Amino acid sequence: DTGVSQNPRHKITKRGQNVTFRCDPISEHNRLYWYRQTLGQGPEFLTYFQNEAQLEKSRLLSDRFSAERPKGSFSTLEIQRTEQGDSAMYLCASSHSRANARNIQYFGAGTRLSVL
Amino acid sequence: GDSVTQMEGPVTLSEEAFLTINCTYTATGYPSLFWYVQYPGEGLQLLLKATKADDKGSNKGFEATYRKETTSFHLEKGSVQVSDSAVYFCALFMDSNYQLIWGAGTKLIIKP
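Visitor: Provide a residue-level description of the overall build of chain A, including the pertinent values.
Guide: Regarding its fold elements, chain A presents zero helices and eleven strands. Ordered by position in the sequence, the α and β elements of chain A form the string β-β-β-β-β-β-β-β-β-β-β. For chain A, whose C-alpha radius of gyration is 14 Å, the value lies close to the compact-globule estimate of 13 Å for 116 residues. The C-alpha extent of chain A, read off along each of the three principal axes, is 40 × 25 × 20 Å. For chain A, the proportion of contacts with a sequence separation of at least 24, taken over those separated by at least 6, is 54%. Total accessible area computed for chain A in this model is approximately 5900 Å², and 43% of it derives from carbon and sulfur atoms. In chain A, 16 positive and 11 negative side-chain charges are present, and the distance between their average locations comes to 3 Å.

Set out below in structure tokens:
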């Protein structure tokens, strides 16, 4: 068990460019979550997958954002036409769906996005 | 909607002092409650949890009790160390929503 892995750790991009982040969850976890965290705030929920199915999306997730989890393992979060307001830490978490474990989410170290 | 409110920081204490970080919640059902900690440059780590009323979560000398009557989950530690300096987040989880709902975080600074 190597924990939740996120890549890259840091991304600097120019406004208008597209960026993609990757998350590798803990191997036996079938639930995967994306959150966004800005400075001085708690994380905000973006979206949730159970296996490959995207079951919940926040209205924070505008049409410029898309997330996939094609084989129920790793996930990608893409932001198209980035804006300066997208600058934030993007966090991925995973959990198991067992009744006594599904409320415990394990987090990666995050990808810090800076849009210039 | 569901929400979490925690005391604003930073909280500055001397080593070996007693710590309390207040957390209250609003929820329509019966959430699970969590404290997560974020050390500088690191990811969020689960510190402790409680899944039902009157449960006490504990870890690394930290404790919090799920109080349904006051809708609170205050974090306490009897004697803090410099290594406890971090940002502490209170959060709740509802099965129906899948997601964690977070407080804004409280930065804790412990001086030697």
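Visitor: Break down the sheet that holds strand β8 (residues 62-65) of chain B for me, citing the residues and quoting the values.
Guide: Residue and element names in this part refer to chain B. If you walk across this open sheet you meet the four strands as β3-β9-β8-β7, and the pairing is antiparallel. Two strands bound the open sheet, and with one partner strand each, they are β3 (19-21) and β7 (56-59). The mean inter-strand angle of the sheet, taken between neighbouring strand axes irrespective of direction, is 20°. Relative to strand β9 (residues 75-77), β8 is paired through three bridges, and the arrangement is antiparallel.

Visitor: So, the pattern of salt bridges: which residues are in play, and what are the values?
Guide: Residues and elements named next belong to chain A. According to the stated counting rule, one finds six salt bridges over all chains in the structure shown. A salt bridge links E83 to R64, with the shortest nitrogen-to-oxygen separation between them at 3.4 Å. Within this pair, whereas E83 is found in the loop between β8 (75-79) and β9 (88-95), its partner R64 is found in the loop between β6 (53-57) and β7 (65-68), the two being separated by 19 residues in sequence. Of the charged contacts, one joins D86 and R64 as a salt bridge, the two residues approaching to 2.8 Å between their closest N and O atoms. With a gap of 22 residues between them, D86 in the loop between β8 and β9 and R64 in the loop between β6 and β7 connect regions that are remote in the sequence. Shared partners join several salt bridges into a network, and the residues in it are R64, E83 and D86.

Visitor: Tell me about the packing of aromatic side chains, residues and numbers included.
Guide: Between two aromatic rings, the relevant description is the distance of the centres plus the angle of the planes. A full pass over the atoms with the stated rule returns 14 aromatic pairs over all chains. Pairing F21(A) with Y90(A) gives two aromatic rings, centres 5.4 Å apart and planes at 40°, and the pair type is tilted. Taken as a pair, F21(A) in strand β3 (residues 19-24) and Y90(A) in strand β9 lie far apart in primary sequence, 69 residues in all. Taken individually, F21(A) and Y90(A) each receive the classification buried, so the pair is uniform in this respect. Look at Y33(A) and Y48(A): their rings are 5.1 Å apart centre to centre, the planes differ by 25°, and that puts the pair in the stacked class. Taken as a pair, Y33(A) in strand β4 (residues 31-37) and Y48(A) in strand β5 (residues 44-50) lie far apart in primary sequence, 15 residues in all. As far as burial versus exposure is concerned, Y33(A) and Y48(A) are alike and both buried. Ring pairing ties together the aromatic residues Y33(A), Y35(A), F45(A), Y48(A), F107(A), F34(B), Y36(B), F89(B), Y98(B) and W102(B), which thus form one cluster. Above the ring of F74(A), the side-chain terminus of R22(A) is found at 3.9 Å from the ring centroid.

Visitor: Which residues make up the interface of chain B and chain A, and what are the values?
Guide: Contact with chain B, which involves 19 residues of that partner, is made by 20 residues of chain A. Roughly 1600 Å² is buried in total at the junction of chain B and chain A, and carbon and sulfur atoms are behind 58% of that figure. Along the contact surface separating chain B from chain A lie zero salt bridges. Taken together, chain B and chain A are joined by three residue pairs in polar contact (both at pLDDT 80 or more). Listing elements by their share of the side of chain B that touches chain A, those giving two or more residues are β5 (32-38), β6 (44-50), β10 (86-93) and β11 (100-102) of chain B.

Parameters at a glance
- Residues numbered from 1 in each chain as written.
- Chains lettered and ligands numbered in written order.
- Predicted model: local features only at pLDDT ≥ 70, side-chain atom pairs only at ≥ 80, totals over all residues.
- Heavy atoms only, no water.
- Helix = DSSP H or I, 4+ residues; strand = E, 2+ residues; numbered from the N terminus.
- Rg over C-alpha atoms; globule rule 2.2 N^0.38 Å.
- Contact = heavy atoms within 4.5 Å.
- Areas by Shrake-Rupley, 256 points an atom, 1.4 Å probe, with all protein chains shown as cover.
- Lys, Arg positive; Asp, Glu negative; His and termini not counted.
- Charge placed at Lys NZ, Arg CZ, Asp CG, Glu CD.
- Pairing = 2+ DSSP bridges.
- Axes fitted to C-alpha atoms, helices over the stretch in contact; angles between N-to-C directions.
- Salt bridge = Lys/Arg side-chain N within 4 Å of Asp/Glu carboxyl O.
- Phe/Tyr/Trp six-rings, centres within 6.5 Å; stacked < 30°, edge-to-face > 60°.
- Buried < 20%, exposed > 50% of the residue type's maximum accessible area, 1.4 Å probe, protein only.
- Lys NZ or Arg CZ within 6 Å of the ring centre and 35° of its normal.
- Buried area = accessible area lost by both parts, 1.4 Å probe.
- Polar contact = N/O pair within 3.5 Å; in protein donor to acceptor, adjacent residues only side chain to side chain.

The analysis is restricted to geometry; functional conclusions fall outside its scope.
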